[in-house]
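Analysis of the macromolecular model
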Amino acid sequence: MIIILKQNAPEQQVQALCDELKARGLQIHASTGSEARILGLVGDTKAIAESWVRANPVVEDVRRVTEPYKKANRKFHPADTVVQVGNTKIGGGNFAVIAGPCSVESEEQVLTVARAVQTAGASLLRGGAFKPRTSPYSFQGMRAEGLELLRAAREKTGMPIVTEIMNTEHLPLFEDVDLIQVGARNMQNFELLRAVGRMKRPVLLKRGLSATLEELVMSAEYIMAEGNDQVILCERGIRTFETSMRNTLDISAVPMLKKMTHLPVVIDPSHAAGIAWMVEPLAKAAVAAGADGLMIEVHNDPARALCDGAQSLTPDQFAALMGQIAPLAGYLGKRVN
Ligand SMILES: [Mn+2]
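Rules behind the numbers
- Residues numbered from 1 in each chain as written.
- Predicted model: local features only at pLDDT ≥ 70, side-chain atom pairs only at ≥ 80, totals over all residues.
- Heavy atoms only, no water.
- Helix = DSSP H or I, 4+ residues; strand = E, 2+ residues; numbered from the N terminus.
- Buried < 20%, exposed > 50% of the residue type's maximum accessible area, 1.4 Å probe, protein only.
- Contact = heavy atoms within 4.5 Å.
- Areas by Shrake-Rupley, 256 points an atom, 1.4 Å probe, with all protein chains shown as cover.
- Lys, Arg positive; Asp, Glu negative; His and termini not counted.
- Charge placed at Lys NZ, Arg CZ, Asp CG, Glu CD.
- Domains from an automatic or database assignment.
- Axes fitted to C-alpha atoms, helices over the stretch in contact; angles between N-to-C directions.
- Parallel < 35°, antiparallel > 145°, perpendicular 65-115°, else oblique.
- Left-handed = near helix turned anticlockwise from the far one by under 90°.
- Donors = N, O, S within 2.8 Å, 3.2 Å for Na, K, Ca; no water.
- Phe/Tyr/Trp six-rings, centres within 6.5 Å; stacked < 30°, edge-to-face > 60°.
- Lys NZ or Arg CZ within 6 Å of the ring centre and 35° of its normal.

1. Let's talk about the overall build of the chain
Counting secondary structure elements, the chain contains 10 helices and 15 strands. In terms of principal-axis extent, the alpha carbons of the chain reach across some 75 × 45 × 40 Å. Put simply, the chain has 337 residues, and 53% of those count as buried. Contacts in the chain between residues at least 24 apart in sequence constitute 68% of all its contacts with a sequence separation of at least 6. As presented, the chain carries roughly 15,100 Å² of accessible surface, and 51% of it is formed by carbon and sulfur atoms. For the chain, the centre of its 37 positive side-chain charges and the centre of its 37 negative side-chain charges are spaced 3 Å apart.

Structure representation (structure tokens):
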């Protein structure tokens, strides 16, 4: 961190600032130029808030020269993190597909879809039990009963389950969920992030609809700061000025997140587009850009789906997509599981 001091800053106050910074364990390299006087801070500055420094009357400006995220930062952890969910590995050259209905609707529905996506090559089963819906009058999910149906489908197929947690009160219900999803709307629910960090189970963290990549990585940092480094990042489309699709898939998030962090990156083309026919081209683009996996919504009867039917693939469409995705990922050197 570099602090630029105001011209003619009183020496006594500058000294007081330096003493405070030293008391926080930092070393200070001061340099005086013809136009400005600069303090270079050496040491771990992640807990020093820029706003706290800027509030000091002798400070003209402050700049961070290293990223505020440490545990998620590739600079301090060059090797890719591999997250293992059941027998499935994601990251570090391992590619996996998560598929299933937007929401769990009945025992028959979730089991039918689970069997179909498993046959087509998906290794993890998704399904929403607690649904964060824009309208309180929309279907809110089967809640605890939905979780039971996912467990039953896991029992019958052997597929690990992926489902979204919406608040910390539900934590006891999620203790045996294989991959806990924190959804886009909860990306900055910091208490929830800390709580899933303490659970020591793999977490799928979705990017908020208007979150920057640094904000997404800082949210991962919250989970990791609690001692849980099994975090998978998911880009699911962001809100832009474009209205012809539900969201705009930020494909550049894949290479940029991989440069910023060592965590696996998964793309959800279903929520990005909101339209079933766009899932295939976006999924291919994600694989080509280097994604470690895909998360895709599949429904046995999209026209009658209680949630997100327009973006759901039928089992046949999903099988056709997998027929293209798996060879493409293999061609790019990924181990598909
Ligand atoms: Mn959905």
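2. A look at the domain arrangement of the chain
Its domain assignment divides the chain into domain 1 (2-63) and domain 2 (74-336). Summarising the inter-unit geometry, the C-alpha centres of domain 1 and domain 2 are found 43 Å apart.

3. Side note on the packing of helix α3 (residues 107-120) against helix α4 (residues 144-157)
Where α3 meets α4, the axes come as close as 9 Å, and the angle between the chain directions of the two elements is 40°. The angle between the axes of α3 and α4 places the two elements in the oblique class. The two elements α3 and α4 meet at a crossing, and its hand is right-handed. From α3, Glu107, Val110, Leu111, Ala114, Arg115 and Gln118 reach across to α4, where they touch Leu149, Leu150, Ala153, Lys156 and Thr157.

4. Remarks on the coordination of the manganese ion
Protein-derived coordination of the manganese ion comes from Cys102 (SG), His271 (NE2), Glu297 (OE) and Asp308 (OD), at a distance range of 2.0 to 2.4 Å. For His271, a relative accessible area of 8% puts it in the buried group.

5. Details of the packing of aromatic side chains
Both the distance between ring centres and the angle between the ring planes are used here to describe each pair of aromatic rings. Following the criterion strictly, the structure yields two aromatic pairs and no others. Aromatic pair Phe130 and Phe174: ring centres 6.0 Å apart, planes at 40°, arrangement tilted. Placement of Phe130 in the loop between β8 (124-126) and α4 and of Phe174 in the loop between β9 (161-164) and β10 (179-182) is noted, with a sequence separation of 44 residues between them. Relative accessible area serves as the criterion here: at 0%, Phe174 is assigned to the buried category. Between Phe190 and Tyr222, the aromatic rings sit 4.5 Å apart at their centres with planes inclined by 25°, giving stacked as the arrangement. One end of the pair, Phe190, is in helix α5 (residues 190-199); the other, Tyr222, is in helix α6 (residues 213-225), with 32 residues separating them in the sequence. Here Phe190 falls in the partly exposed class, since its relative accessible area comes to 32%. One residue, Arg24, lies across the ring of Trp52, its end atom 4.3 Å from the ring centre.

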